[in-house]
Amino acid sequence: HCPSIYLALQPKGSYIGLGSWRPDARTARAIRLAIVERPDEWKAATADLRLAGDSLKRPPRGFDPHHELIADLERKDFAVSERLTQSEVTSDDFVERVMVRCRASAPLLGFLCRAVGVSF
């Protein structure tokens, strides 16, 4: 459950995903604890991103239901995902476009890697 970059290339269904998608309970807890311990870093890492995925129906056990970042603590997924059009995938500058997206998500990936204790 290491944070990662995922690139899916398929006709009419290409996308890029970055972050931690459906981490196991232990990994999700580590990420949530990092959010609580370093809220400013989390806010900075996610400021320009639209996080994707599902959320829990209620606060995770052991976390303050009134925490300022409760919506993020309730996440099941700590990731961003963006569809790629067929014209983007087949463009001459496709690799550079993907790299731009990866660079924009680097603060999120760095935060998640530190939270789960892996190098970035």
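About the thresholds
Along every chain, residues carry numbers that run from 1 in the direction the sequence is written. Since the coordinates come from a predicted model, pLDDT governs what is reported: local features require at least 70, and pairs of side-chain atoms require 80 or more to be given and counted, while whole-chain, interface and lining totals use all residues. Excluded from the side-chain calculation are hydrogens and water; included are all heavy atoms of the structure. Whenever Lys or Arg places a side-chain nitrogen within 4 Å of a carboxyl oxygen from Asp or Glu, that contact is recorded as a salt bridge. What counts as a helix is a DSSP run of H or I of at least four residues, what counts as a strand is a run of E of at least two, and both are numbered from the N terminus. Burial status follows relative accessibility: with a 1.4 Å probe on protein chains alone, a residue under 20% of its type maximum counts as buried, one over 50% as exposed, and anything between as partly exposed. Two strands are said to pair when DSSP picks up at least two bridges between them. Residue count minus one, scaled by 1.5 Å, sets the expected span of a helix. By definition, the arc is the one covered by directions from the helix axis to the C-beta atoms. We call two residues contacting when some pair of their heavy atoms lies within 4.5 Å.

> Honestly, the pattern of salt bridges in this entry has me stumped. Any pointers?
Side chains carrying opposite charge are able to pair once their charged atoms draw close together. Tallying each qualifying case throughout the model produces 11 salt bridges. The partner of D77 in a salt bridge is R22, with the nearest N and O atoms 2.7 Å apart. Highlighted residues: D77 in the loop between α3 (70–73) and β4 (78–84) and R22 in the loop between β2 (14–20) and α1 (25–37), separated in sequence by 55 residues. Classification of D77 by relative accessible area gives buried; the value is 0%. Since its relative accessible area comes to 38%, R22 is described here as partly exposed. With a closest N to O distance of 3.0 Å, D93 and R97 form a salt bridge. Note on R97: relative accessible area 34%, which makes it partly exposed. One salt-bridge network, in which partners are shared between bridges, spans E82, E88, D93, R97 and R101.

> Hey, could you run me through the pairing of strand β1 (residues 4–8) in this one?
Both faces of the sheet carry side chains from a regular strand, because those side chains alternate between them. Relative to β2, β1 runs antiparallel, the two being bridged by five bridges. Of the residues in β2, the one forming a bridge with A8 is Y15.

> Honestly, α1 in this entry has me stumped. Any pointers?
Because each turn of an α-helix spans 3.6 residues, side chains separated by three or four positions end up pointing in the same direction. With 13 residues, α1 extends 18 Å between its outermost C-alpha atoms, agreeing within 8% with the 18 Å of an ideal straight helix rising 1.5 Å per residue. Those residues of α1 not exposed but buried are T27, A28, I31, R32, A34 and I35. Along the long axis of α1, the arc covered by the buried residues comes to 160 degrees, so they all point the same way. Across from the buried face of α1, at angles greater than 90 degrees, the exposed residues are A25, R26 and E37. Looking at the packing, one finds that the buried side of α1 touches β2, α2 (39–46), α3, β4 and α5 (94–116).

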